[in-house]
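The lines below spell out each chain.
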Amino acid sequence: MSRGFYTPIRFQEVYTIYMKDSIVRKLIEEEKKRQKSVINLIPSENYCSKDALEALGSVFDNKYAEGYPKARYYGGNQVIDKIETLAQERALKLFGLKKGVWHVNVQPWSGANANLAVYLGLVPVGGKIMGMSLTSGGHLSHGQKVSITGKAWQPVLFSVDGVTETLDYEKVKQLAIQEKPNIIVAGFTAYPRVVDFKKFREIADACGAYLLVDMSHIAGLIAGRAYPSPFPYADVVTTTTHKTLRGPRAAMIFSRIDERELNKKIDKALFPGLQGGPHVSQIAGVAVALKEADSPVFKKYAKQVVKNAQTLAKSLQKKGWKIISGGTDSHLLLVDTWMGGVKNENGVGGVPGKEAEAMLEKEGIICNKNTIPNESRSPFDPSGIRLGSPAETTRGKKEKDFEKIAERIDVILRGVKIKRK
Ligand code: DSN
């Protein structure tokens, strides 16, 4: 295993703990051991730095700060105002946004809350949210029926093209014109390709909808200039902070400042509409991570993440595995392990996603089962797996390491024993 290069994860140093509660301490040690020993290919996970973890475990956690800087419902928030304002300033700077043109709310506890606050602020209950279907790579909070976002609002779902397995912008546009959604969400948890945000702007304009870009998965790539920025085109941008951005778990909402007052509506929707007091320790951790990401070394990291994912995709492809859409432009890829699976020398092959995930985990490779476009199975036992490079790139892995990971995956999945019809 290669040593860390970008932000080396020295687990011993980062996670050394001295707490008196021996039961919790042992569980933390157990999880540390697990994290150290596995290869982590979950594209939405990463390792945040020691500094960010320290901020997360700091005295900021003791403070109630309902409200926003200089407008709180509790006393004693002088320092809290400073940390929240610092996080906001760093967030705007990282993405090259001007104060007065863009506003950022750093209080969402997580990504689903951030999206919910945007809908609550901008779309009347019962209005239409247009987002990508789950099987095409959309997120639960983009208007899926099982989420409150698909119950309180009417979902209008689009899918990727069945043949290219990529977005067909013309079809999305036709659906938008026909359905006239209030808001269009361009954002994905399992779409490996570059999204044309300019085309989404045109689609939103064609039907009079707001354009929300949920950049949770790709925020670190955007910050590192390894993926196109949505900011020139979006009205609102949401993101989590713990995926490619490599911070602690939290989220942010960026909104344009203009006569529509989106920023005021969204701020009000988040608090008091949806959340109570902000988790100030999270905000402090995010502030640390935003500074770390605003550096040449992070730009290198982001570019290496994409190179590593592309190497993984190509190496698996060479071995015969079907990669959805034929490859990746980002940090993640989808492998059709079932109908696109490779047969071994006994003529056995094609592993459903659930089994593929379990087979890999047994050998120390962690990933998640995932639905694929044209899914023929179920979300609980889908046809594929989703793989990603952010976490292992943080641990210093490069193209050669990812070639070896592909070899291991190939060997493990070819070991399938039960012959299928
Ligand atoms: N659970 C995240 C992911 O894995 O993509 C999205 O919320």
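1. Focus: the site of the ligand
Working step 1: As a structural note, the neighbourhood of the ligand is formed by S44, H139, T189, H217, K243 and R386.
Working step 2: Contact distances for the ligand include 2.7 Å between an oxygen atom and a side-chain N or O atom of S44.
Working step 3: Between the ligand and R386 there is a distance of 2.7 Å, counted from an oxygen atom to a side-chain nitrogen or oxygen.
Working step 4: With the chains in place, 63% of the 230 Å² that the ligand exposes on its own is no longer accessible.

2. With respect to the nonpolar core
Working step 1: One finds F95, L167, I184, F200, M215, M252 and F254 to be the most contacted residues of the largest nonpolar core, which totals 62 residues.
Working step 2: The dominant element in this core, judged by the number of residues it contributes, is helix α10 (residues 280–293), at seven residues.
Working step 3: Residues L41, I323, V348 and I409 belong to the second largest nonpolar core, which totals 27 residues.

3. With respect to the pairing of strand β9 (residues 236–240)
Looking down a regular strand, the side chains alternate between one sheet face and the other.
Working step 1: Extensive coverage of β9 is indicated by the burial of five of its five residues.
Working step 2: Where burial is concerned, the two faces of β9 agree: the one with V236, T238 and T240 and the one with V237 and T239 are both buried.

4. A look at a nonpolar patch on the surface
Working step 1: On the surface, M19, V24 and I28 cluster together into a nonpolar patch covering about 190 Å² of accessible area.
Working step 2: Mapped onto the secondary structure, I28 falls in helix α2 (residues 22–37).
Working step 3: Taking the relative accessible area as the measure of exposure, I28 reaches 31% and is therefore partly exposed.

5. A look at the packing of helix α4 (residues 78–94) against α10
Working step 1: Orientation of α4 relative to α10, taken along the N-to-C sense of each, is 35 degrees, at an axis distance of 9 Å. Remark: the crossing between α4 and α10 carries left-handed chirality. Contacts between α4 and α10 pair I80, I83, E84, A87, R90, A91 and L94 from the former with V280, I283, A284, A287, V288, L290, K291 and A293 from the latter.

What counts, and where the lines are drawn
Residues numbered from 1 in each chain as written. Predicted model: local features only at pLDDT ≥ 70, side-chain atom pairs only at ≥ 80, totals over all residues. Heavy atoms only, no water. Near = heavy atom within 4 Å. Polar contact = N/O pair within 3.5 Å; in protein donor to acceptor, adjacent residues only side chain to side chain. Areas by Shrake-Rupley, 256 points an atom, 1.4 Å probe, with all protein chains shown as cover. Core = buried A, V, L, I, M, F, W, Y, C linked by side-chain atoms within 4.5 Å. Buried < 20%, exposed > 50% of the residue type's maximum accessible area, 1.4 Å probe, protein only. Helix = DSSP H or I, 4+ residues; strand = E, 2+ residues; numbered from the N terminus. Patch = residues over 30% accessible without salt bridge, like charges linked within 9 Å, V, L, I, M, F, W, Y side chains within 5 Å. Salt bridge = Lys/Arg side-chain N within 4 Å of Asp/Glu carboxyl O. Axes fitted to C-alpha atoms, helices over the stretch in contact; angles between N-to-C directions. Left-handed = near helix turned anticlockwise from the far one by under 90°. Contact = heavy atoms within 4.5 Å.

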